[in-house]
Amino acid sequence: MGALSVSASAVLLDLAHTTPGTASFYRCVLALPALAVLAGAEHRREGAPPRRRYGLAFAAGVLFAGDMLLWTQAIGEVGAGLSTVLVNVQVALVPLLAWAVDREPVPARFLGWLPLLLLGVVLTGGVLDQRVSVGTDPRWGTVHAVLAAVCYSGFLYLLRRGGHRGQVRQTYTVVIAAAAVVSLLAGLAWYGFDIAPGLRVLGWLLAVAVCSQVVGWLLVATASPKLASHVGAVLLLLTPVGAVVLSAVVLGERPTPLQLAGCGLILISAYFTTARRPPAANGRGGGGRATRRPGGYRSEDAHAAPRRPGRRTDAGG
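Parameters at a glance
- Residues numbered from 1 in each chain as written.
- Predicted model: local features only at pLDDT ≥ 70, side-chain atom pairs only at ≥ 80, totals over all residues.
- Heavy atoms only, no water.
- Helix = DSSP H or I, 4+ residues; strand = E, 2+ residues; numbered from the N terminus.
- Contact = heavy atoms within 4.5 Å.
- Areas by Shrake-Rupley, 256 points an atom, 1.4 Å probe, with all protein chains shown as cover.
- Salt bridge = Lys/Arg side-chain N within 4 Å of Asp/Glu carboxyl O.
- Buried < 20%, exposed > 50% of the residue type's maximum accessible area, 1.4 Å probe, protein only.
- Phe/Tyr/Trp six-rings, centres within 6.5 Å; stacked < 30°, edge-to-face > 60°.
- pLDDT = per-residue confidence, 0-100.
- Core = buried A, V, L, I, M, F, W, Y, C linked by side-chain atoms within 4.5 Å.
- Axes fitted to C-alpha atoms, helices over the stretch in contact; angles between N-to-C directions.
- Parallel < 35°, antiparallel > 145°, perpendicular 65-115°, else oblique.
- Left-handed = near helix turned anticlockwise from the far one by under 90°.
- Nonpolar A, V, L, I, M, F, W, Y, C, P; charged D, E, K, R; others polar.
- Patch = residues over 30% accessible without salt bridge, like charges linked within 9 Å, V, L, I, M, F, W, Y side chains within 5 Å.
- Expected span 1.5 Å × (residues − 1).
- Arc of directions from axis to C-beta.

### Here we look at the overall build of the protein chain
Helix and strand counts for the protein chain come out as 13 helices and two strands. Put simply, of all contacts in the protein chain between residues at least 6 apart along the chain, 85% involve residues at least 24 apart. On the protein chain, roughly 15,600 Å² of surface is accessible, and the fraction owed to carbon and sulfur atoms is 66%.

Structure (structure tokens):
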């Protein structure tokens with residue numbers, strides 16, 4: 001649900017038709033009132049998170065702003081298709097980050113399906129279709145899209161890591177506030193910023209704020225700490241699939257057969273990569289329970305021998 005809500009932002013930004021700095025700033029700042037209300041309710045219920053987590057949230061916000069600005073810039077330079085493909089290499093980078101930093105294992109099944117997932121993204125982006133334009137400056141567009149992919153992967157990793165100990169709404173609000181500040185500064189310096197873009201533009205950006213910042217990314221921030229890193233990265237590939245469908249419905253764009261094949265390949269690969277059978281217990285299905293680890297959750301036989309008292313089972317707390 002979070003990934004599909006985020007997918008609406010591509011269509012809404014196309015309808016807004018404004019500069020990267022203006023779009024990135026207002027889609028964040030317009031979401032802050034609703035997020036502040038949600039964060040305040042959480043603060044009264046759960047208390048404030050430790051100060052060090054605010055630093056993690058600020059870093060995630062800086063990376064999120066970099067992703068928004070660089071990707072929006074790359075769309076015009078290298079084309080929407082290739083920019084989408086390059087930024088979605090996060091499906092490989094996020095699990096690698098979790099493996100390198102948190103020593104979270106990468107399943108062999110994910111590695112086996114990864115080439116098909118990436119092929120699905122390539123086809124969905126329309127890179128192999130000659131009718132898709134390549135943009136105004138492919139060289140710089142590629143650079144900007146690759147940098148956007150790095151920022152996007154870092155943002156997803158920190159967003160997931162910061163939610164392991166709860167109080168997600170408060171730290172996520174800091175993420176969006178930091179992204180708004182960085183977007184404003186970068187827009188004034190490089191990417192263009194309009195302080196009064198008009199009611200029509202603000203209306204579309206308000207829709208982006210609601211669909212993407214308030215609903216989509218908040219759902220991702222809440223759910224991704226409960227999943228293994230590769231599962232969350234794969235499910236976020238539903239974003240380009242949803243963008244293709246919404247573009248056809250709202251903008252009247254017609255996806256090519258190759259794009260439809262890419263959407264199907266992503267959906268099939270995502271299912272077989274993330275779906276798993278319940279663990280067997282004494283020859284019977286079910287009977288498992290979830291035990292939290294730093295990298296997400298694993299299944300554990302409910303009939304296994306109990307551990308000795310005092311021994312920690314969740315190294316990440």
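Let's pick the thread back up.
### Here's the deal with the pattern of salt bridges
The tally for this structure, following the rule as stated, stands at three salt bridges. Close ionic contact of Arg-45 with Glu-46 constitutes a salt bridge, the shortest N to O distance being 3.8 Å. Take Arg-45: its relative accessible area is 52%, and that puts it in the exposed class. Using a relative accessible area of 40% as the deciding quantity, one classes Glu-46 as partly exposed. Across the pair Arg-160 and Glu-104 runs a salt bridge, and its minimum N-O distance is 3.0 Å. Placement of Arg-160 in helix α8 (residues 138-162) and of Glu-104 in the loop between α6 (90-102) and α7 (108-124) is noted, with a sequence separation of 56 residues between them. The buried category is assigned to Glu-104, whose relative accessible area is 5%.

### Structural notes on the packing of aromatic side chains
Tallied over the full model, the rule gives nine aromatic pairs. Centroid distance Phe-25 to Tyr-26: 5.0 Å. Interplanar angle 75 degrees. Geometry classified as edge-to-face. Pair check on accessibility: Phe-25 and Tyr-26 agree, each one buried. Centre to centre, the rings of Trp-113 and Phe-272 are 5.5 Å apart; their planes meet at 5 degrees, and the pair counts as stacked.

### Topic: unusual backbone geometry
Of note in the backbone geometry, His-17 takes a positive phi value of approximately 50 degrees without being a glycine. Within the secondary structure, His-17 sits in the loop between α1 (2-16) and α2 (20-29). The class for His-17 is exposed, based on a relative accessible area of 69%. Although it is not a glycine, Arg-103 sits at a positive phi angle of roughly 55 degrees. By the element assignment, Arg-103 lies in the loop between α6 and α7.

### Here's the deal with the confidence of the model for the protein chain
Summing up the model confidence of the protein chain, the mean pLDDT is 84 and the portion of residues at 70 or higher is 85%. A low-confidence stretch, residues 282-317 (pLDDT under 50), is modelled with 56 contacts involving residues beyond four sequence positions or located in other chains.

### Some details on the nonpolar core
Within the largest apolar cluster, 63 residues are counted, with the highest numbers of intra-cluster contacts made by Val-91, Phe-155, Tyr-172 and Trp-217. Top contributing element to this core by residue count: helix α10 (residues 199-223), with nine residues. Among all residues touching Tyr-172, those that are not within four sequence positions of it are Leu-35, Leu-159, Ser-212, Gln-213, Trp-217, Leu-218 and Ala-221.

### A closer look at the packing of helix α3 (residues 32-46) against helix α9 (residues 168-191)
Between α3 and α9, whose axes approach to 8 Å, the crossing angle comes to 150 degrees. Between α3 and α9, the crossing angle belongs to the class labelled roughly antiparallel. Every pair of crossing elements has a handedness; the one defined by α3 and α9 is left-handed. Contacts between α3 and α9 involve Leu-32, Leu-35, Ala-36, Leu-38, Ala-39, Glu-42, His-43 and Arg-45 from the first element and Val-168, Arg-169, Gln-170, Tyr-172, Thr-173, Ile-176 and Ala-177 from the second. Looking at the contact of α3 with α9 residue by residue, the class counts come to nine nonpolar, three polar and three charged.

### Regarding a nonpolar patch on the surface
On the surface, a nonpolar cluster with roughly 520 Å² of combined accessible area is contributed by Met-1, Leu-30, Leu-206, Val-210, Val-215 and Leu-219. Overall, Val-210 belongs to the partly exposed group, its relative accessible area being 41%.

### Some points on helix α13 (residues 257-274)
In this model, α13 (18 residues) spans 26 Å end to end at C-alpha, consistent with the 26 Å of a helix rising 1.5 Å per residue. Those residues of α13 not exposed but buried are Gln-259, Gly-262, Cys-263, Leu-265, Ile-266, Ser-269, Ala-270, Thr-273 and Thr-274. The buried side chains of α13 occupy one side of the element, clustering within an arc of 165 degrees when seen end-on. Exposed residues on α13 whose side chains face more than 90 degrees from its buried face are Pro-257 and Tyr-271. In this structure, the buried side of α13 is in contact with α7, α11 (229-235) and α12 (238-250).

### Section: the packing of α7 against α13
Contact geometry of α7 with α13 gives a least axis separation of 7 Å together with a crossing angle of 160 degrees. Overall, the two elements α7 and α13 adopt an arrangement that is roughly antiparallel. Considering how the two elements wind past one another, α7 and α13 form a crossing that is left-handed. Facing Arg-109, Phe-110, Trp-113, Leu-116, Leu-117, Leu-119, Gly-120, Val-121, Leu-123 and Thr-124 of α7, the residues of α13 in contact are Leu-258, Gln-259, Gly-262, Cys-263, Leu-265, Ile-266, Ser-269, Ala-270, Phe-272 and Thr-273. When grouped by side-chain class, the residues that make up the contact of α7 with α13 number 13 nonpolar, six polar and one charged.

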